[in-house]
Amino acid sequence: MGVSTARSNQVSAVRRRAVIDALRRGAVPESGLDLLATGLDRFEAALDGELETVASGGSVFKAVRGEYGSGKTFFTRWLGERAKRRNFAVAEIQISETETPLHKLETVYRRLTERLHTASFPPSALRPVVDAWFYALEEDVLASGASEEDLAGEVDRLLTARLAEVSRQASSFATALRGYRTALSAGDETTAAAVLAWLGGQPHVAAAVRHAAGVRGNLDHFGALGFLQGLLTVLRDGGHPGLLVVLDEVETLQRVRSDVRDKALNALRQLIDEVHSGRFPGLYLVITGTPMFFDGRQGVQRLAPLAQRLATDFTTDPRFDNPRAVQVRLPGFTLESLTGLGITIRDLYATGADAPERIKALADDAYIADLARAVGGALGGKVGVAPRLFLKKLVGDVLDRIDQFPDFDPRVHYKLTVSGTELTEVERNLTADDIDLEV
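All values reported here derive from a predicted model rather than from experimental measurement. Counting starts from 1 at the beginning of each chain's written sequence and moves along it residue by residue. In keeping with the predicted nature of the model, local features appear solely for residues at pLDDT of at least 70, side-chain atom pairs appear and are counted solely at 80 or more, and the whole-chain, interface and lining totals rest on all residues. Side-chain descriptors were evaluated using all non-hydrogen atoms of the structure, hydrogens and water having been removed beforehand.

**Thoughts on the pairing of strand β1 (residues 60–65)**
Okay, step 1: The cut-offs for exposure are 20% and 50% of the maximum accessible area for each residue type, with area from a 1.4 Å probe on protein chains only; residues under the lower value are buried, those over the upper are exposed, and the others partly exposed. Here a helix means four or more residues in a row that DSSP labels H or I, a strand means two or more in a row labelled E, and each is numbered from the N terminus. Taking burial as the measure, the six residues of β1 include six buried ones, the bulk of the element.
Okay, step 2: We treat two strands as partners when DSSP finds at least two bridges between them. In the sheet, β1 pairs with strand β4 (residues 283–289) via six bridges, with the strands oriented parallel. Looking across to β4, one finds that Ala63 is bridged to Ile287.
Okay, step 3: Bridging between β1 and strand β5 (residues 327–329) involves three bridges; their strand directions are parallel. Within β5, the position partnered with Arg65 by the bridge is Arg329.

Here is the structure:
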C-alpha cells in the first residue's frame with residue numbers, strides 16, 4: 001500500500017469515528033457529513049452553482065425551511081463542507097434572544113468571527129485569516145519589485161487601496177488592521193491580540209489599546225455591515241473566495257417581545273437587501289427556520305416586504321420543488337427514509353468495527369426498520385422528529401453492544417426505553433410520559 005493511500009485510509013477512519021461518536025452523543029456531526037448525505041443529491045447541482053457564483057464575486061441568500069428533525073442543521077453543515085472544499089470560510093451562528101439577538105448586527109458579527117473556521121483552522125480562525133492576508137500583501141508588494149526596505153510602506157499603501165471601498169463605510173476597520181500590524185512589528189503580542197479582538201467586534205477592549213490603534217468606542221449595528229465587507233475582502237485576498245454564514249434557528253424570533261421581533265425581522269430584510277445589492281461580494285448567507293416562522297403571522301408574514309422577498313411556491317408536489325429558489329424545504333423523514341439512514345449508519349459503523357459480520361447479521365435491515373418504528377412511536381408516532389434519538393439509540397445502545405459483547409442479541413437482550421431526561425424540549429413536548437417499548 002502506498003503512503004498516500006495509507007494516509008487517505010487513516011483520514012477516512014478518523015472521519016468515520018468522528019461521525020459515529022457524534023451520533024452516539026445525539027449530536028449532528030461537525031464534519032464527515034458526506035458519509036451520511038442520503039436524499040440531498042437533488043440539491044447538489046443548484047447549491048454548487050451558487051457556490052461558484054459566490055466564488056466568482058457574487059453573493060447569494062438562501063432560506064431553508066423544515067420542521068424539527070427534518071435535518072436543517074445537517075443540511076447547512078453538509079453545505080459548509082462543500083463550501084470548505086472550495087476553500088471558503090464558514091461560520092454557523094445560533095440566533096438567540098439573549099446570546100445573539102438578530103436585531104443587533106454587531107453581536108451577530110461578533111459571533112461570526114468567534115465561529116469563523118476554514119478547512120485548515122478551527123474557530124476562531126480570525127487571526128490566521130488576517131495573518132494570511134498580510135502575508136499575501138507582502139508577497140504582492142515584493143512581486144511588484146519593492147525592496148525589503150520599502151516593504152512596510154508599500155504594504156500600508158496596498159492595504160489602503162484594497163480596503164478603499166470598505167473604508168468609505170467603516171474606516172476604522174483598516175485603521176485597526178494597521179494597529180494590529182504595528183503592534184506585531186513592535187513585538188507587543190498583548191496589544192496585537194487586543195486590537196484583533198476589537199476588530200472581531202469584542203466589547204470591553206481597554207481604552208489604552210483602542211487609543212494606541214487609533215480607533216474609538218465599540219462596534220455598533222451599522223458599523224458591523226462595514227466590518228463584514230472588510231472581512232470578505234481580507235478573506236478573498238488571503239485565498240478564501242467566499243464566506244458561508246449560517247443563521248440557524250431563526251424561528252426563535254417568534255418567541256420574543258413584539259417590538260424586538262419587529263426589529264429583528266427588519267434587520268433580516270436589511271441583510272437580504274444588502275446581499276442582493278452586491279454590497280457583499282463573496283457572501284453566501286443562509287437562514288434556517290420552521291414552516292411556521294415563514295408562513296405564520298408571528299414570523300416572516302408580520303413584515304410584508306420580508307415576506308415578498310422570501311415568497312416561494314410550495315403548493316406542488318415536493319418532488320418538483322425548485323432547489324434554485326430563494327427558499328427551499330426539507331420534507332423531513334418518513335419511516336422508509338429513516339430506516340435507510342439507519343442502514344447507512346450500520347454499514348458505516350461495520351466498516352471500522354471489530355465484529356462487522358455480527359453487526360450486519362444481528363442489526364439487519366428488518367431490525368433497523370423495527371427500531372425506527374419503535375422510536376417514532378415513543379415520540380407520538382411522529383417519525384419526522386425521531387432521527388436524533390433513533391441514531392443515538394442505534395449506535396450507543398445497539399451497535400456498540402453487538403460489537404463488544406459476542407453473546408448480545410438486540411432482539412433478546414435490549415428493550416428500548418425513552419425517558420424525558422434524554423429528550424430535547426421539542427421531543428419532550430411530544431411525549432407525555434416515559435415510554436418503554438420492546439423491539
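**Some words on the sheet that holds strand β2 (residues 89–94)**
Okay, step 1: As summarised here, the arrangement of the five strands in space is β2-β3-β4-β1-β5, forming an open sheet in which the pairing is parallel. Bordering the open sheet on either side are β2 and β5, each of which pairs with just one other strand. Geometrically, the sheet is characterised by an average inter-axis angle of 20° between neighbouring strands, direction not taken into account.
Okay, step 2: Here strand β3 (residues 243–248) pairs with β4 via five bridges, running parallel. Opposite Leu247, over in β4, you have Ile287 as the bridge partner.
Okay, step 3: Sheet contacts for helix α4 (residues 105–115): β2 and β3; angle to β2, the most-contacted strand, approximately 130°. Geometry is summarised by axes, namely lines fitted to C-alpha atoms with helices restricted to the contacting stretch, and by angles between N-to-C directions that run from 0 to 180 degrees. What makes two residues a contact is simply this: any of their non-hydrogen atoms within 4.5 Å.

**Quick word on the environment of Asp317**
Okay, step 1: Locating Asp317 in the fold gives a position in the loop between α14 (304–310) and β5.
Okay, step 2: For this analysis, a polar contact is any N or O atom pair within 3.5 Å, provided that within protein one partner can donate a hydrogen and the other can accept it, and provided that sequence-adjacent residues contribute only side-chain to side-chain pairs. A distance of 2.8 Å separates the side chain of Asp317 from the backbone nitrogen of Arg319, its partner in a polar contact.

**With respect to the side chain of His117**
Okay, step 1: Within the fold, His117 resides in the loop between α4 and α5 (126–143).
Okay, step 2: Among the polar contacts listed, one links the side chain of His117 to the side chain of Lys84, at a separation of 3.5 Å.
Okay, step 3: One polar contact links the side chain of His117 to the main-chain carbonyl oxygen of Arg115, over a distance of 3.1 Å.

**Considering helix α2 (residues 41–55)**
Okay, step 1: Expected helix span is given by 1.5 Å per residue-to-residue step, counting one fewer step than there are residues. A rise of 1.5 Å per residue sets the reference length of α2, with its 15 residues, at 21 Å; its end C-alpha atoms lie 21 Å apart and thus fit the reference within 8%.
Okay, step 2: If you follow the buried residues of α2, they end up packed against β1, α3 (72–85), β4 and β5.
Okay, step 3: Just past α2, the residue Gly57 takes up positive phi, approximately 105°.

**Structural notes on the packing of aromatic side chains**
Okay, step 1: Any two rings among Phe, Tyr and Trp, with Trp reduced to its six-membered ring, count as a pair given centres within 6.5 Å; such a pair is stacked if its planes are under 30 degrees apart, edge-to-face if over 60, and tilted if neither. Under the criterion given, the structure shown has eight aromatic pairs.
Okay, step 2: Seen from their ring centres, Phe75 and Trp78 are 5.8 Å apart, and the 50° between their planes marks the pair as tilted. Of this pair, Phe75 and Trp78 are both found in helix α3, three residues apart, which corresponds to roughly one turn of the helix.
Okay, step 3: On the accessibility criterion, Phe75 (2% relative accessible area) is buried.
Okay, step 4: Their ring planes at 80° and their centres at 5.9 Å tell us that Tyr109 and Phe227 sit as a pair that is edge-to-face. Placement of Tyr109 in helix α4 and of Phe227 in helix α11 (residues 221–237) is noted, with a sequence separation of 118 residues between them. Each member of the pair, Tyr109 as well as Phe227, carries the same accessibility label: buried.
Okay, step 5: A connected cluster of aromatic rings, assembled from ring pairs, spans Tyr109, Phe173, Trp198 and Phe227.

**With respect to the nonpolar core**
Okay, step 1: To form a nonpolar core, buried Ala, Val, Leu, Ile, Met, Phe, Trp, Tyr and Cys residues must be joined to one another through side-chain atoms within 4.5 Å. Ranked by size, the top nonpolar core spans 76 residues in total, and within it Leu177, Leu243 and Leu247 carry the most contacts.
Okay, step 2: Ranked by the residues each element gives to this core, the list is headed by α11, at eight residues.
Okay, step 3: Aside from chain neighbours lying at most four places away, what touches Leu247 is Ile93, Ile95, Leu102, Val108, Leu271, Leu285, Val286, Ile287 and Thr288.
Okay, step 4: Formed by 53 residues, the second largest nonpolar core is a distinct cluster that contains Val19, Val64, Val246 and Ile402.

**A few points about the pattern of salt bridges**
Okay, step 1: Throughout this description, the term salt bridge denotes a Lys or Arg side-chain nitrogen within 4 Å of a carboxyl oxygen of Asp or Glu. Evaluation of the coordinates by the stated rule reveals 33 salt bridges.
Okay, step 2: Where Arg25 meets Asp21, a salt bridge forms, and the shortest distance between an N and an O atom there is 3.3 Å.
Okay, step 3: The partner of Lys62 in a salt bridge is Glu50, with the nearest N and O atoms 2.8 Å apart. Here Glu50 lies in helix α2 and Lys62 lies in strand β1, a separation of twelve residues in the sequence. Each of the two residues, Lys62 as well as Glu50, counts as buried.
Okay, step 4: Salt bridges sharing partners connect three or more residues here, namely Glu44, Asp48, Glu52, Arg82 and Arg86.

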